[in-house]
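Architecture at a glance
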Amino acid sequence: MSLRTNVPLSRLPAGAALLLCGLLGAGGAGSAPAATAGAPRVDEAGRTTLPGHRLRWASAANDRGAVPATLELTQLRLSLKRSPERQQAFDAYLREQRDPASPNYQRWLTPSEIGERFGATQADIDAVSAWLRGQGLRVDSVSNSRMRLQFSGSVAAVGAAFGTQLRYYQTAGAAKRMAPADEPRVPAALAGTIDAVLDLSPAQFEPQFRIGARNASADAAQPALSLCDGGACDHYVAPGDFSKIYNLPDNLDGSGQSIAILGRARVYDTDIQSFGLRTGVTMKTPTVIVPPDGVDPGPAATTCSTTGTPSCDDPSETVKDQSEATLDVTRAGSVAPGADIKLIVSGHKGDVDGINYVIDYAIDHEPLPAKIISISFGSCEAGNSQATANALDQLFAQGAMQGQSIFVSSGDAGAADCADYFTAPAADLSRSTNILCASGHVTCVGGTSFGLGTDQHWSSTNGPGYVSASGYIPEGAWNEPRDADGNLQVAATGGGVSTYIAKPAWQNAPGVPGSAGRYVPDVSFGASSKNGYFGCMAASQGSCVPGADNRFRFLIWGGTSASAPSMAGIAAMLNQGRGAAQGNLNPTLYALGSNAGNGIFHDVTVQSSGVSGCSVGTASLCNNSLPSPSGLSGGLQGYAVGPGYDLATGLGSLDASRLIAQWGSAPVAVNLNQHGLTGSWISSQADSQGWLLEIYPDLAGPGRGVLFGGWFTFDVTAAGGVRWYTIQGDVDSSSASATVPIYLTKGGRFGSSQATSTQSVGQVTLRFDDCSNAELDYQFSDGSARSGSQSLTRLTAPITCSPSGNNGAAASSYLLSGAWADPAHTNQGLILDVNPAQNVFFAAWYTFSTTGQTSSGPSAQRWFTLQTAMTPGSTRLDDVPIYVSSGGVFDQPADTTTTAAGQADIVFHSCSSATLTYRFDSGSGFPSSGTLNLARVGPTPAGCSL
């Protein structure tokens, strides 16, 4: 038995480390004290390094020299750090906002309220400001949340203040960029207040779209968006098609809601009006907002030149940004035509991308411009720093606390977000994801493509508004490894795992692959340019205005840029239907995604993609892999679609009407951060097998507990004998499910300290419907290909469990339930279930054979069960039968035999100390007698006393 924990050993009571097998992340030394009010100077004698600022591309080989010392840097920011107490309070309030049982449920705060309650203290801000000024730098502003401080100064002053040199670096084919040569350093007295120095190398963002032009007739009697030539038809998506395919509700249009579209250019209002006229959508013209500290990008382009540079075929970056804005406005506005659209835009200011200004404004301005935010830009995580990822996560967490729903495009370069999309693939690509998607406080929206062989779902003629889709169309992952001319290209839905941001506690659903990090995307919508979205933009020769021949040119847009604003429009209808902003949608999306029977998600699978002979090594609609420079195979391997969640399309696309109708019926959260779920659980389909679980509340931090469990079971054949596994991982008070690893321990010997080995062999996802029923999905990664599901029921009645947490009604004897072990016996122990309501004592004893060797495999494992009556308040149990079971088959019904193999006497000396004296029958293969000096594993439950 092996218990692993993310908690420093020093936080566990004596004896709690008895089953620890490799501490997975102990806490380090405490941070230096923050500056206090009234301190006129900061001690410069000691310096602390701020980690996480170095960039992979800022290497000696790419060094192009020092940045001129006199260059003025005008848009630098410090990301501040909350005190541990304020951070705990912030995290707790964020959980309470999602808990329907909490008085703080959906009590959203303003930026300044967050600053007052959870921001850096005024004393800390004053100390940092005074220090910056003392270094010859200017303090320009402090965010409303009091978590970011903007400052400026010369390169020389910045370098001296932070103990680093700013230099230019350049990689092949890329522009020269500034970055720090070393990690910045700050006075030790400020290390508890300053988290990061931002914009020493500002993130650069790219729009995520593809554009093409087509001709059509303005005559409503002629087919337009189903364009047919003989027997072949091209099908494009008009707003009415999207409504049919994804089942938008007829009674909601987003009225009363505001959607913020973030961009770098204005739109040409005539394009928006022409789009509405052609498609029959009465949508609102956007209100343009330029942040006060941003840069006005100027008026929208209204035409383009067919010659020269830039041109219609080779547009300027500004026109590309206008294309992105036009796509986003028309997607969000056509899905939710009643919503107000706020187009928040800024151009670049020096080296600082305008997207930085509009994100800050959308989240930190008062009053908030909108409760829904759509961002169709990206920057690959591998090209940015840990500090940038952390700062974005902090900012997006602020948005969540303000009730903002934030949607980000997953990217258009498949599993290699750093690649140049819509260009020929390079040979040296590597996996990465969009850094804007890394935060769990945003919903990352990927792309799908209608599956092969799905033409029957389209009509060859169009109805009003150019509608030709008949309903939902089966989908694959969006992947276009060849362009219209047949050339190989990078063009696929982004997806993968963040290397910077941890997996959120709520990200649990069938198919979620483990706990390596934040997995993306979350959901997906159509993104293929082959079945692209109808659009109008005069500056790209697609004005939608009929000419003398009664024909007009229109645009076809694709890419995940279309996905995020589409989801934003659905969120506007959701908020309208619920009568309130819903904030971060992810926890509820994953709770709903755990029940495939509700019909909310269109699961994208190999079958729905229509691909035969699917291989993740060949770019196709069944994955987001990329082609090689020479063919569809041999490029960067991405991720395949599959049942449930996958790293190409997330949970799948949505049936919007069902989502909105069932939003309030998402499973009532069972607070997993409670000892009340501790006990024995069984599956009726597996004879003589079961689970003993224990939860250690708040062991991983406020609101975050640790789940530990033992699974006593059998080999896959009856002749193989018994087997046991342990599981362990964090649980969160705001999620009714948890995904944790399965561990196999082997090499032990009964009653011995012989060394053992423990390895992860798979994972389980546990979802608690209530205090007595749970669903468990398991998937092994040990080569056995075992996977399955179990419906678990509690073997004994719940004592202290309630959906919102422990109800406080525990008798002390119940609090003896949990994991116990003798420190002299390596990775062996018992998990107890003491139930005073039913006067029952039950336990599973996980151990090994008496002849086990360090080289022994799982066949040397042994387990016993113990069961007897127990009077509440009793501290001694005599002659408890020890049972041995045989004949079982892993997770299957079987004719098993359970017989008594001995007896045990158990004496509890305290809530953390006990003695077990055992006597095995002759012929059992175990010693005739012996003693275990047991100590509780982990902290003693609050309220336990003997």
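Residues numbered from 1 in each chain as written. Predicted model: local features only at pLDDT ≥ 70, side-chain atom pairs only at ≥ 80, totals over all residues. Heavy atoms only, no water.

**Here we look at the overall build of the chain**
The test is simple: Put simply, DSSP marks the helices as runs of H or I at least four residues long and the strands as runs of E at least two long, and each gets a number from the N terminus on. As a reference, a globule follows 2.2 Å times the number of residues to the power 0.38, and the radius of gyration itself is taken over C-alpha atoms. Think of it in three bands: with a 1.4 Å probe and only protein chains considered, a residue is buried below 20% of the maximum accessible area for its type, exposed above 50%, and partly exposed in between. Per-residue accessibility takes into account occlusion by the displayed protein chains alone, with areas from the Shrake-Rupley method and a 1.4 Å probe. Charge assignment in this entry is limited to Lys and Arg as positive and Asp and Glu as negative, and neither His nor the chain termini are counted. Charge coordinates come from a single atom per side chain, which is NZ of Lys, CZ of Arg, CG of Asp or CD of Glu.
A tally of regular secondary structure across the chain gives 13 helices and 44 strands. Here the C-alpha radius of gyration of the chain, 30 Å, is about what a compact globule of 946 residues would show, namely 30 Å. Dimensions of the chain, computed from the C-alpha atoms along their principal axes, are close to 100 × 75 × 55 Å. Out of the 946 residues belonging to the chain, those deemed buried represent 59%. When the accessible surface of the chain is totalled, it reaches about 33100 Å², and 49% of it is carbon and sulfur. For the chain, the distance from the average site of its 55 positive side-chain charges to the average site of its 75 negative ones is 4 Å.

**A short note on unusual backbone geometry**
Of all residues except glycine, most have a negative phi; of all peptide bonds, most are trans. Here E366 and P367 are connected by a cis peptide whose omega angle stands at -5°. The topology assignment puts P367 in the loop between α8 (354–364) and β17 (372–375). The omega torsion across V520 and P521 is 5°, close enough to zero to call that bond cis. Summarising the element assignment, P521 is placed in the loop between β23 (519–520) and β24 (523–526). In this model, C544 sits at a positive phi of 65°, which is unusual for a non-glycine residue. Inspection of the secondary structure assignment puts C544 in the loop between β25 (533–535) and β26 (551–558). What makes C544 buried here is its relative accessible area of 1%. Even without glycine at this site, S688 takes up a positive phi of about 55°. Along the chain, S688 turns up in the loop between β29 (679–683) and β30 (690–701). Overall, the relative accessible area of 27% leaves S688 in the partly exposed class.

**Considering the packing of helix α7 (residues 317–335) against helix α10 (residues 563–578)**
For the record, the criterion: Axis definition: a line fitted to C-alpha atoms, over the contacting stretch in the case of helices. Angles run 0 to 180 degrees between N-to-C directions. When an angle is under 35 degrees it counts as roughly parallel; over 145 it counts as roughly antiparallel; between 65 and 115 it counts as roughly perpendicular; any other value is oblique. Note: crossing handedness is left-handed where the near helix turns anticlockwise from the far helix by less than a right angle, and right-handed where it turns clockwise. Residues count as neighbours in contact if any of their non-hydrogen atoms are within 4.5 Å of one another. Under this grouping Gly is polar, as are all residues other than the nonpolar Ala, Val, Leu, Ile, Met, Phe, Trp, Tyr, Cys and Pro and the charged Asp, Glu, Lys and Arg.
At a minimum axis separation of 7 Å, α7 and α10 run at an interaxial angle of 30°. Judged by the angle between their axes, α7 and α10 are roughly parallel. For the crossing formed where α7 meets α10, the hand is right-handed. Residue-level inspection shows D328, R331, A332 and V335 of α7 in contact with α10, the latter providing P565, S566, G569, I570 and M573. Considering only residue class, the contact of α7 with α10 consists of five nonpolar, two polar and two charged.

**Notes on the pattern of salt bridges**
The condition that has to hold: Note on definitions: salt bridges are taken to be side-chain nitrogens of Lys or Arg within 4 Å of carboxyl oxygens of Asp or Glu.
Scanning all chains against the criterion turns up 21 salt bridges. E317 is the partner of K320 in a salt bridge, and the nearest nitrogen-oxygen pair spans 3.3 Å. In this pair, K320 and E317 both sit in helix α7, three residues apart, roughly one turn of the helix. When its relative accessible area of 31% is taken as the criterion, K320 is described as partly exposed. Residue classification places E317 among the partly exposed positions, given a relative accessible area of 49%. Residues participating in the shared-partner salt-bridge network are R77, D199 and D360.

**Structural notes on the sheet that holds strand β39 (residues 840–848)**
Convention followed: When DSSP locates at least two bridges between a pair of strands, those strands are taken to pair.
Around the barrel, eight strands lie side by side as β37-β38-β39-β40-β41-β42-β43-β44; this closed barrel has antiparallel pairing. The average undirected angle you get between the axes of adjacent strands in this sheet is 30°. Bridging between strand β38 (residues 829–835) and β39 involves seven bridges; their strand directions are antiparallel. Its bridge partner lying in β39, L830 is registered against W845.

**Here's the deal with helix α2 (residues 111–118)**
Helical geometry: 3.6 residues make up each α-helical turn, so side chains three or four residues apart lie on a common side. Stated precisely, the cut-off is as follows: The arc in question is traced by the directions running from the helix axis to the C-beta atoms.
All of the buried residues along α2 are P111, I114, G115 and F118. Seen along its axis, α2 keeps its buried residues to an arc of 105°; they face one direction. Those residues of α2 that are buried lie in contact with α1 (84–97), α8 and α9 (386–401).

**Examining the state of the cysteines**
For the record, the criterion: Cysteine sulfurs are considered disulfide-paired once they come within 2.5 Å of each other.
In total, this model carries seven disulfides according to the counting rule given. With a sulfur-sulfur separation of 2.0 Å, C536 is cross-linked through a disulfide to C544. What sets the handedness of the C536 and C544 disulfide is the S-S torsion sign, and at about -95° it is left-handed. With its sulfur 2.1 Å from that of its partner, C771 forms a disulfide with C801. Note on the C771 and C801 pair: the S-S dihedral is about -75°, so by sign convention the disulfide is left-handed. Here the residue C771 occupies a position in the loop between β34 (757–768) and β35 (773–780), and C801 occupies one in the loop between β36 (787–794) and β37 (818–821), the gap between them amounting to 30 residues. Here the two residues C771 and C801 agree in accessibility, since each one is buried.

**What to know about the environment of I363**
Position of I363 relative to the elements: it lies in helix α8. Note on I363: relative accessible area 2%, which makes it buried. In sequence terms I363 and G399 are 36 residues apart; their C-alpha atoms lie 5.6 Å from each other. With residues near it in sequence (within four places) discarded, I363 still touches P111, L368, I373, L395, F396, Q398, G399, Q402, Q404 and I406.

**With respect to the sheet that holds strand β3 (residues 72–80)**
The sheet built from four strands is open, its strands ordered β4-β5-β3-β9 with antiparallel pairing. Of all strands in the sheet, those bounded by a partner on one side alone are β4 (138–142) and β9 (194–198). Strand-to-strand twist in this sheet, taken as the mean axis angle between neighbours without regard to direction, amounts to 25°. Two elements, β3 and β9, share four bridges in a ladder whose sense is antiparallel. In the strand pairing of β9, L78 is matched with V197.

**Comments concerning the nonpolar core**
Note the threshold: Definition used in this section: a nonpolar core is a set of buried Ala, Val, Leu, Ile, Met, Phe, Trp, Tyr and Cys residues joined via side-chain atoms within 4.5 Å.
Formed by 88 residues in total, the largest nonpolar core has its most connected members in I259 and F407. Looking at this core element by element, the count peaks at eight residues for α10. Beyond its immediate chain neighbours, meaning those up to four positions away, I259 contacts A332, A339, D340, I341, K342, A370, I372, A568, G569 and A572.

**Comments concerning the environment of K244**
Along the chain, K244 falls in helix α5 (residues 239–245). Overall, the relative accessible area of 44% leaves K244 in the partly exposed class. Those residues in contact with K244 that sit more than four places away from it in its chain are V467, A469, S470, G471 and Y472.

**Some words on the UniProt feature "active site" (unreviewed entry) in the chain**
Test applied: UniProt positions are given in the numbering used here, feature names are shortened, and annotations may be inferred rather than shown by experiment.
Using the residue numbers shown here, the UniProt feature "active site" (unreviewed entry) corresponds to E324, D328 and S561. In sequence the annotated residues extend across 238 residues, while in space they remain close, none of their C-alpha pairs exceeding 7.4 Å. Here E324 is to be found in helix α7. Here D328 is to be found in helix α7.

**Brief notes about the packing of aromatic side chains**
Selection rule: Working definition: a ring pair exists when centres of Phe, Tyr or Trp rings (six-membered ring for Trp) sit within 6.5 Å. Plane angles under 30 degrees give stacked, over 60 give edge-to-face, the rest tilted. In our convention, an over-ring charge means Lys NZ or Arg CZ found within 6 Å of a ring centre and within 35 degrees of that ring's normal.
Summed over all chains, the structure comprises 46 aromatic pairs. Ring geometry for F750 and Y918: centres 5.6 Å apart, planes at 75°, overall edge-to-face. With F750 in the loop between β33 (737–746) and β34 and Y918 in strand β43 (residues 913–920), this residue pair connects regions lying 168 residues apart in the sequence. Like F750, the residue Y918 is buried in the burial classification. Ring pairs connect the aromatic residues Y236, F275, Y466, F534, F552 and F554, which therefore count as one cluster. In this structure, R117 is placed above the aromatic ring of Y93, and the distance from its NZ or CZ to the ring centre is 4.6 Å. Directly above the ring of F890 sits R786, whose terminal nitrogen or CZ lies 4.7 Å from the centroid.

**A few points about the packing of α1 against α9**
Direction vectors running N to C along α1 and α9 enclose 45°, while the axes themselves pass 10 Å from each other. If you check the angle between α1 and α9, you find them oblique. Between α1 and α9 lies a crossing of left-handed hand. In this structure, α1 uses F90, Y93, L94 and Q97 to contact α9, whose residues at the interface are A397, Q398, A400 and M401. For the contact of α1 with α9, the class distribution of residues is six nonpolar, two polar and no charged.

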